[in-house]
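These are the residues of each chain, in order.
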Amino acid sequence: MISLEADVVIVGAGIAGCSAAIAAAKENKKVLIIEKSDALGGNATQSNVGTICGAYYRTFFEYPRIVGYSFSTAFLNKLTSLSVEKAPKNYHKGLYILSYEWSILQSFLEMELLANGIRIMKSSEIIRVDTKMNSINRLIITSGQESLEILPKAVIDCSGNGIVSQLAGLERIASPSYQSASQIFRVRGLLSDSEFSLNMSLKKAMSMLVKKNNWPLSFTYLSVVPGSLKNKQADFKITFPDTITDFDGTNNELYLKGRTSIETVFPFLTEEVESLRSASIENIFPKLGIRTLQRSKGKYILTESDVLSCKKMESGIAIGTWPIEEWQSDGNVSMEYFEPDDGYMIPADCLISFTLDNLYFAGKNISATTKAIASARVMGTCLQTGYAAGKIATCETSDGQKEMIALLNKELLFGNE
Ligand SMILES: Cc1cc2nc3c(=O)[nH]c(=O)nc-3n(C[C@H](O)[C@H](O)[C@H](O)COP(=O)(O)OP(=O)(O)OC[C@H]3O[C@@H](n4cnc5c(N)ncnc54)[C@H](O)[C@@H]3O)c2cc1C
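All figures in this text were calculated on a predicted structure; none of them were measured in a lab. (Residues numbered from 1 in each chain as written. Predicted model: local features only at pLDDT ≥ 70, side-chain atom pairs only at ≥ 80, totals over all residues. Heavy atoms only, no water.)

This part is about the overall build of the chain. Across its full length, the chain carries 11 helices and 20 strands. With the principal axes as the frame, the chain shows a C-alpha extent of 65 × 55 × 40 Å. Burial analysis of the chain (417 residues in total) assigns 56% to the buried set. Of all intrachain contacts in the chain linking residues separated by at least 6 positions in sequence, the fraction that spans at least 24 positions is 73%. Accessible area for the chain stands at about 17,500 Å²; split by element, carbon and sulfur atoms hold 51% of it. Put simply, the chain has 42 plus and 45 minus side-chain charges, and the middle of one group is 2 Å from the middle of the other. (Helix = DSSP H or I, 4+ residues; strand = E, 2+ residues; numbered from the N terminus. Buried < 20%, exposed > 50% of the residue type's maximum accessible area, 1.4 Å probe, protein only. Contact = heavy atoms within 4.5 Å. Areas by Shrake-Rupley, 256 points an atom, 1.4 Å probe, with all protein chains shown as cover. Lys, Arg positive; Asp, Glu negative; His and termini not counted. Charge placed at Lys NZ, Arg CZ, Asp CG, Glu CD.)

This is the structure we're talking about:
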């Protein structure tokens, strides 16, 4: 069996995994990132969620301030320099979002990882985790027909599902049920240049069609992904009423069901909505958008009360600014806001394993309750937890780790000048 060594192994190349990899590589560490699918970006590109949320403070008065590290600012600036969208949009109640094109984000992530000397293994899946004396000493991955062994100094689980904890037999944070899944698909040939009026006509037509055809109520909330309408094409988001479980097979089934639903619903829409008369489906994105699954258990579990009270912590390594956003099975979205111009801190202990000394977490896999992760899962926050986990995982002593956490906290609060 081929054997590889790495200082930091990252599992999952979503937005959090890529941020973690870049942060660790900048500390001159040998970094390896393992990704199950054949592309980088996770939900951000494979489900094409289309907008970056949680990257700005909520504000009613001024141009929004970016939240987080200078890493987040540089990341967003570089991404916008490659994109058509150059500035964030006021989305709702003082919340700002940045639209992006999935293919640009995907190639940008690839460029950044390669520029930082990170070894990328796509179509590779972690299947076994061995531990010795409270540390991970070996990972087994399958890559194509081959099995490889990896000997890591530190592991950051950015799988969005606590896969490393699962394989190591550790407790994870499960929820009785998860938020509804949505599927995004691209439509071309639209005869509208206003997202507002397109959304109004979609809503009107779907309300009627849902009643007439006995479709799930959640289909009424079919909508345009904000900022995606351009050049006669737009991304549409449809939400499914089905319960999301921890069993992968169910979610694959749901994806197939999702495709069929879209193909069933769309012809009716083209008849009912004037601006869709000559429209067609260009693409149903490859990954069903599942908002959260199980999380890893860290030394601290972020709570709903931490989020809503904008709790500050000395060991805070990320600032969450997005409300608690939950997608119900009827397609409705509930939002629980906190004060504008404020945010809650995520302590480093949400990123550090409760049990294993060299295991860390980032992104939607951090140690948080169901309610708390409904805020902390957005990409602006994933950029920060990814970056912080990458830095913390490079420290080889507990004193070094404490110093790093203090530095990260200082940069969050005062900038890095
Ligand atoms: C429908 C939907 C709409 C959303 N809308 C927005 C939005 O508008 N704005 C926003 O900011 N956020 C949005 N989000 C949330 C956001 O997209 C995600 O929470 C965020 O992208 C998560 O990033 P991540 O890196 O933590 O995880 P993911 O993006 O899930 O990445 C995890 C990666 O790990 C890989 N992986 C999993 N298991 C293994 C394994 N065993 N071995 C190797 N690799 C593995 C996966 O293939 C994947 O690439 C939305 C989410 C959904 C589902």
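In this section: unusual backbone geometry. The phi angle at Asn48 is positive, at roughly 50°, despite the residue not being glycine. Unlike most non-glycine residues, Asn231 shows phi in positive territory, near 50°.

Attention now goes to the pattern of salt bridges. Applying the stated criterion across every chain, the model contains 21 salt bridges. A salt bridge links Lys297 to Glu171, with the nearest nitrogen and oxygen atoms 3.4 Å apart. On the criterion of sequence distance, the pair formed by Lys297 in the loop between strand S15 (295-296) and helix H8 (304-308) and Glu171 in the loop between helix H5 (163-167) and strand S10 (172-173) is long-range, its members being 126 residues apart. By relative accessible area, which is 53% here, Glu171 ends up exposed. The structure contains a network of salt bridges with shared partners spanning Asp7, Lys29, Lys153 and Glu396. (Salt bridge = Lys/Arg side-chain N within 4 Å of Asp/Glu carboxyl O.)

Moving on to the sheet that holds strand S14 (residues 280-284). Strand pairing in a sheet is mediated by backbone hydrogen bonds. Such pairs are either parallel or antiparallel. In spatial order, the strands read S12-S13-S11-S14; together these 4 strands make up an open sheet with antiparallel pairing. Each edge of the open sheet carries a strand with a single partner, namely strand S12 (223-224) and S14. (Pairing = 2+ DSSP bridges.)

Under the defined criterion, the tally for this structure stands at 12 aromatic pairs. Measuring from ring centre to ring centre gives 6.1 Å for Trp102 and Phe285, while their planes differ by 75°; the resulting arrangement is edge-to-face. Remark: Phe285 occurs in the loop between S14 and S15 and Trp102 occurs in helix H4 (residues 102-115); sequence separation between them is 183 residues. Accessibility expressed as a relative area gives 23% for Trp102, which makes it partly exposed. Ring centres of Phe185 and Phe266 lie 6.4 Å apart, and the angle between their planes is 90°; this geometry places the pair in the edge-to-face category. Of this pair, Phe185 sits in strand S11 (residues 182-188) while Phe266 sits in helix H7 (residues 248-272), and the two are 81 residues apart along the sequence. One exposure class covers both Phe185 and Phe266, and it is buried. The positively charged end of Arg65 is found above the aromatic ring belonging to Tyr57, 4.2 Å away from the centroid. Arg291 extends its terminal NZ or CZ atom over the ring of Trp327, reaching a point 4.0 Å from the ring centre. (Phe/Tyr/Trp six-rings, centres within 6.5 Å; stacked < 30°, edge-to-face > 60°. Lys NZ or Arg CZ within 6 Å of the ring centre and 35° of its normal.)

Below, the discussion takes up the environment of Lys204. By the element assignment, Lys204 lies in helix H6 (residues 195-213). By relative accessible area, which is 67% here, Lys204 ends up exposed. Linking Lys204 and Glu272, residues 68 residues apart in sequence, is a C-alpha distance of 9.3 Å.

Turning to the site of the ligand, a few remarks are in order. Near the ligand lie 32 residues; those nearest to it are Glu35, Asn43, Thr51, Cys53 and Arg377. The backbone of Cys53 places a nitrogen or oxygen atom 2.8 Å from an oxygen atom of the ligand. Between the ligand and Lys364, the relevant distance is 2.9 Å, taken from an oxygen atom to a main-chain nitrogen or oxygen of the residue. When isolated, the ligand has an accessible area of 1,000 Å², and the protein chains bury 95% of it. Taken together, the elements giving at least two residues each to the shell around the ligand come down to helix H1 (15-25), strand S3 (51-52), strand S7 (124-132) and helix H10 (379-392). With 3 residues, the top contributor of residues to the shell around the ligand is S7. (Near = heavy atom within 4 Å. Polar contact = N/O pair within 3.5 Å; in protein donor to acceptor, adjacent residues only side chain to side chain.)

Let's shift gears to the nonpolar core. Core analysis: the largest hydrophobic core is formed by 73 residues, its most contacted members being Phe75, Ile156, Ile317 and Ile346. If one sorts the elements of this core by residue count, H1 sits on top with 9 residues. Leave out the neighbours within four places in its chain, and Ile156 touches Val8, Val9, Ile10, Val11, Ala20, Tyr360, Phe361, Ala362, Ala389, Gly390 and Ala393. Counting 34 residues, the second largest nonpolar core, distinct from the first, contains Val187, Leu198, Ala234 and Leu269. (Core = buried A, V, L, I, M, F, W, Y, C linked by side-chain atoms within 4.5 Å.)

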